[in-house]
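Tertiary structure, described
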Amino acid sequence: MEIRPHSILDAGSGFGKYGFLCREYLDVCQGRFQKKDWQIKIDGIEGFEPYLSDLQQIIYDKILLGDIFDIFGKMENQSYDLLLAIDILEHFKKDQGARFLGECMRIARLVLVSVPIGYAQ
């Protein structure tokens, strides 16, 4: 909330938990309860189609489905104020992870990375 992003990309959005939280705190808590009043652009990228449901379609402005590197390759520098990379980095091999982080930093002004502790992958 302190950085006040106007655009967010949730890379590896999964079930939409973090998109939902961003929507709640950045729009709803500001008194914008209806989708027509939302001012924050929140997009997601998901590579596993079975995760997608009607919920994500409501919360996110746009969901991009496919290979994350292909999608990143079509994005301009600094396309978003904030990029969320939550519980995704551990799914890459080390060289792919470094490439992923480089692309994240190219695409967004700020990048938030979180990985699970003790995850075996």
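Residues numbered from 1 in each chain as written. Predicted model: local features only at pLDDT ≥ 70, side-chain atom pairs only at ≥ 80, totals over all residues. Heavy atoms only, no water.

1. So, the overall build of the chain
This is how the line gets drawn: The helix count covers DSSP runs of H or I at least four residues long, the strand count covers runs of E at least two residues long, and both are numbered beginning at the N terminus. Atoms counted for the radius of gyration: C-alpha only. Globule rule: 2.2 Å times the number of residues to the power 0.38.
The helix and strand tally for the chain stands at 4 helices and 5 strands. For the chain, the sequential pattern of α-helices and β-strands runs β-α-β-α-β-α-β-α-β. Relative to the globule expectation of 14 Å for 121 residues, the C-alpha radius of gyration of the chain, 14 Å, shows essentially globular dimensions. Its C-alpha atoms put the chain at 45 × 30 × 30 Å along the principal axes.

2. With respect to the environment of L64
As a reminder, the rule being used: Between two residues, a contact is recorded if the distance between any of their heavy atoms is within 4.5 Å.
By secondary structure assignment, the location of L64 is in strand β3 (residues 62-65). Residues L64 and I45, spaced 19 residues apart in sequence, show a C-alpha to C-alpha distance of 4.7 Å. Other than its neighbours up to four places away in sequence, L64 contacts G44, I45, E46, I71 and M75.

3. A few points about helix α4 (residues 94-107)
Selection criterion: Here the expected span of a helix is defined as 1.5 Å times the quantity of residues minus one.
Compared with the 20 Å implied by 1.5 Å per residue over 14 residues, the 20 Å span of α4 between its first and last C-alpha is a close match. The inward-facing, buried residues of α4 abut β1 (7-11), α3 (68-73), β4 (80-86) and β5 (108-114).

4. Section: a nonpolar patch on the surface
Let me state the cut-off plainly: Residues with no salt bridge and a relative accessible area higher than 30% make up the patches, which join like charges within 9 Å and nonpolar side chains (Val, Leu, Ile, Met, Phe, Trp, Tyr) within 5 Å. For the accessible areas, the method is Shrake-Rupley and the probe is 1.4 Å, while residue cover comes only from the protein chains on display. Each reported salt bridge corresponds to a side-chain nitrogen of Lys or Arg within 4 Å of a carboxyl oxygen of Asp or Glu.
A surface patch of nonpolar side chains, about 470 Å² in accessible area, is lined by M1, F20, L21, Y25 and L55. With 3 residues, helix α1 (residues 17-26) is the single largest residue contributor to the nonpolar patch. Considering the arrangement of structural elements, one finds Y25 in helix α1.

5. Observations regarding unusual backbone geometry
In the Ramachandran plot, Q78 falls in the positive-phi region, its phi being about 55° despite a non-glycine side chain. Along the chain, Q78 turns up in the loop between α3 and β4. The residue D87 is not glycine, and still its phi comes out positive at about 60°.

6. Remarks on the pairing of β4
Rules: Classification of residues uses two cut-offs on accessible area relative to the type maximum, computed with a 1.4 Å probe and protein chains only: under 20% is buried, over 50% is exposed, and between them is partly exposed. Two strands are said to pair when DSSP picks up at least two bridges between them. Think of it like this: strands point away, you trace from the first strand over the helix to the second, and a clockwise trace means the crossover is right-handed.
Across the 7 residues that make up β4, a large majority, 7, are buried. Bridging between β1 and β4 involves 3 bridges; their strand directions are parallel. Residue pairing in the sheet places L9 in a bridge with L83 of β4. Where β4 and β5 come together, 6 bridges link them in parallel fashion. Looking at the pairing, L84 lines up with L112 of β5. In this view, the connection linking β4 to its parallel neighbour β5 by way of α4 has right-handed handedness.

7. Topic: α1
Filter applied, for reference: When we speak of the arc, we mean the arc of directions from the helix axis to the C-beta atoms.
Within α1 the residues assigned to the buried category are G19, C22, R23 and L26. Buried positions in α1, seen along its axis, are confined to an arc of 100° and lie on one side of it. Close packing links the buried residues of α1 with β1, β2 (41-46), α2 (54-59) and β4.

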